[in-house]
Amino acid sequence: MRTATAILLTMCCCVSGLLAGTEAEQPDELVGRWEQLSLPPSRHPGVSAIGIEPEGTLWVMANNSVYYWDGQEFRQPVNTKLTSGYYLAKLYGGPDRGLYATQTGEHDHTGKVYKLVDGNAIYVTDFYYDKSYNYPALYVSKSGLLFNWGTHFLAVYFEDQWKQIEAHLSPQYTLTFDTGDKVYFYYNGNLYSVDRDGNFNKRQISAPIESIPVQKRIHGVLWGQDKMLIFDYVSKQFYAYHLDTGEPVNTEPINSYLADRSVNDLFSTNNGDVWLLIRNRSYALLRITPECDITTVKETAKLSWDHVQFRQFPHSVLSASDGSIWFSSRQDGIVRYKNGKLQVFDWRQGVSFGICRYILEDSQGQIYVSSDNGVHVFRQGQPTQLSTQIHQWQEYRPSSSHPVRDSEGNIWMCLEDHPGHISRWDGYRWHHMKVPFDTSKVHSLITDDQGHILLSAPSSRSLPWYDISPYDINQYKNLKDILIAAVARGAKRFHADRFIQISIAIKGSKIWIGHHNTDIVSYFDGEQWDDFYVRTDIDYLYESPKYGILIRTKGGKYYTYDGGQISLVEIPKYAPTRWLLGPKYLQPFEQEILDEYPEEYIPVERAEDGKYYMLVRQESDNTNTSIDSG
């Protein structure tokens, strides 16, 4: 019973919402229910993009394919098959301007553009790209024109052909401003415009800033219907210019108002307002009207924010036709703001979104949302259908990081309403332990096999680590020191959360630390630490009775430590053989590991069809059950 209760608490904490919900009869509140649109099963699940065509049909790039929603299920295009899951495959446009999909072309630096219409993908033209590992530099304007640009050109698809000029732009860092009558492209002092008839114009802007590749030093949005507002992340200053004339606009009221506040993100809305995500003591949104009236939207300080969300995922905020603004919050689900009122859609409506990369509206006012958890649509006016279990849930808001369960089944977290304490749920009641660190700054968590948790809570001077058990707290200088101490007290197994991006393996008193997405392995031989390097990025480290230690890289190769050297081990990745399915996905089969940790591992066999099979014993016979290797 203790374990079951703990699991339920974990689910609740991971999908926390606002402490104070809105009342059902408030003005401007939308009544309806969320419906998940089921994607076809796939070995490679995941949604990379969604879009809506003018006729109202929803399209998604998911599961390495492109589908449209026929009202009942997702189908592939009627006349051809399109693929997704790579940089050159993306959706552009929307219900007010036409929807397009891009695909790889037949030649280098050439891609294909398809218009998506009522379940059909109709080839339109080819486009040019500089690098295949960047998203295409394409844009569909409010007037329905298709644009393509690169380092040395700007082109518009007009009257069934590309019309282009030489231009100095950036495929990645060019800022785009669409007024409806014209589209403006700005990069490093060069401002190009193209009107509805395909006519080009160029102006020089005397901006004291420039965008440097990789550093991404500036970001800009349309302000009003005739100005561009640019923020320089180095000088922390705003600059604005009239788009038609290139003349500067006075931004001193904005810069003075912000003073010491940090600006993390910005976006614009249909009425010409610009919204900033600022941080003083906490995150909140600030609104700037075209007349330069500035107000802080205090209600948004209640939410949890990702500080680069709108820059990274510009479609994660929606300025809807009814004047409301929709955006996703890191922990609080989907949020709707209108007339000073926040309406939150989260676990109370029976849905768990995660961070949503797309929030779209069709011509009928229906809202579509996509995230790693799938695609949802909000059915306005339809009654909410909730499981009776939801009414029994309790909500706890972590002040930082996320809940973690130790090897004894206890749930640990830092709660907002208990600052300066770490809280432990033992299956029956809460225990709140006073700790010597800022509980709002915990970001790295490791559990061991002795009921301890190891965590990092950065201070102003250092990055200390803390070893916490139900009875004691000990502080260490860094991760290496705390692991040495943990092994000395008898810890043999460590599980790091996915946010810390490391893998740990123990062999006696020897400790191995692999840093994901790097080629470095740190090794403690009982006396000192050394670093070793492999050819490609590290995936996992495994304890191995046969090899002592196995290092698996992203490319599927295995290495071991042998007499002071790192050596390649020949373990065929695709040969039919036995493997262990465990906490670190798949590793070579070793009976000693299975005997010592039988509850952590399942032996599986890889067959010629590429699938893994495990033996399931039934009453009458033995039956093989497959596990998809994707």
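Presented here is a report on the structure given in the accompanying data block. Note that the structure is a prediction, hence the values are computed from the model and not measured.

1. Things to note about the environment of Tyr559
Move 1: In this structure, Tyr559 sits in strand 48 (residues 558-562).
Move 2: On a C-alpha basis, the gap between Tyr559 and Tyr547 in space is 9.3 Å, while along the polypeptide they are 12 residues apart.
Move 3: What Tyr559 contacts, discounting residues up to four positions off in sequence, is Val534, Arg535, Ile549, Leu550, Ile551, Thr553, Ile566, Ser567, Leu568 and Val569.

2. Points about the sheet that holds strand 23 (residues 274-279)
Move 1: Pairing is antiparallel across the open sheet formed by four strands, whose spatial order is 22-23-24-25. Where the open sheet ends on each side, the last strands, each with one partner, are strand 22 (262-268) and strand 25 (294-297). Neighbour-to-neighbour, the strand axes of the sheet open up by a mean angle of 25°, direction not taken into account.
Move 2: In this structure, strand 23 lies alongside strand 24 (residues 283-288), joined through six bridges in antiparallel fashion. Bridge assignment links Leu277 to a residue of strand 24, and that residue is Leu285.

3. Some words on the nonpolar core
Move 1: Ranked by internal contacts, the top residues of the largest apolar core, which has 28 residues, are Leu37, Ile50, Leu58, Val60 and Leu116.
Move 2: With five residues, strand 3 (residues 58-62) is the single largest residue contributor to this core.
Move 3: If sequence neighbours within four positions are ignored, Leu37 has contacts with Leu58, Trp69, Phe74, Tyr368, Val375, Val377 and Arg379.
Move 4: Phe231, Tyr233, Ala240 and Leu266 belong to the second-largest nonpolar core, a separate cluster that totals 19 residues.

4. With respect to the pairing of strand 29 (residues 341-345)
Move 1: Counted residue by residue, strand 29 has four buried out of five residues, so it is predominantly covered.
Move 2: Inspection of the sheet shows strand 28 (residues 333-338) paired to strand 29 by five bridges, in the antiparallel sense. Across the sheet, Arg336 pairs through a bridge with Gln343, a residue of strand 29.
Move 3: Once strand 28 ends, the chain turns through two residues before running back antiparallel as strand 29, passing Asn339 with a positive phi of about 50°.

5. Let's talk about the packing of aromatic side chains
Two aromatic rings, taken as a pair, are described by how far apart their centres are and by the angle between their planes.
Move 1: Scanning the entire structure with this criterion turns up 31 aromatic pairs.
Move 2: Summarising the aromatic geometry, the rings of Trp275 and Tyr337 are spaced 5.7 Å apart at their centres and angled 75° between planes, so their arrangement reads as edge-to-face. Here Trp275, found in strand 23, pairs with Tyr337, found in strand 28; they are 62 residues apart in sequence, far enough to count as distant. In terms of burial, Trp275 and Tyr337 fall into one category: buried.
Move 3: Judged by centre distance (5.7 Å) and plane angle (5°), the ring pair of Trp326 and Phe345 falls under stacked. Of the two residues, Trp326 sits in strand 27 (residues 325-329) while Phe345 sits in strand 29, which places them 19 residues apart along the sequence.
Move 4: Here Trp326 falls in the buried class, since its relative accessible area comes to 1%.
Move 5: Given a relative accessible area of 3%, Phe345 falls into the buried group.
Move 6: One aromatic cluster is present, built from ring pairs that chain together Phe267, Trp275, Trp305, Phe310, Phe327 and Tyr337.
Move 7: Seen from the ring of Tyr135, Lys90 lies directly overhead, with NZ or CZ sitting 4.8 Å from the centre.
Move 8: Stacked on the ring of Tyr612, the Lys or Arg Arg606 has its end atom at 6.0 Å from the ring centre.

6. Quick word on the sheet that holds strand 40 (residues 473-476)
Sheet strands pair by backbone hydrogen bonding; their relative direction is either parallel or antiparallel.
Move 1: Pairing is antiparallel in the open sheet, where five strands are placed in the order 40-39-38-37-41. At either end of the open sheet lies a strand with only one pairing partner, and these are strand 40 and strand 41 (494-496). Averaged over all pairs of adjacent strands, the angle between strand axes in this sheet comes to 20°, irrespective of strand direction.
Move 2: Pairing between strand 37 (residues 444-448) and strand 41: three bridges, direction antiparallel. Each bridged residue has a counterpart across the sheet, and for Thr447 the counterpart in strand 41 is His495.

The rules behind the values
Residues numbered from 1 in each chain as written. Predicted model: local features only at pLDDT ≥ 70, side-chain atom pairs only at ≥ 80, totals over all residues. Heavy atoms only, no water. Helix = DSSP H or I, 4+ residues; strand = E, 2+ residues; numbered from the N terminus. Contact = heavy atoms within 4.5 Å. Pairing = 2+ DSSP bridges. Axes fitted to C-alpha atoms, helices over the stretch in contact; angles between N-to-C directions. Core = buried A, V, L, I, M, F, W, Y, C linked by side-chain atoms within 4.5 Å. Buried < 20%, exposed > 50% of the residue type's maximum accessible area, 1.4 Å probe, protein only. Phe/Tyr/Trp six-rings, centres within 6.5 Å; stacked < 30°, edge-to-face > 60°. Lys NZ or Arg CZ within 6 Å of the ring centre and 35° of its normal.

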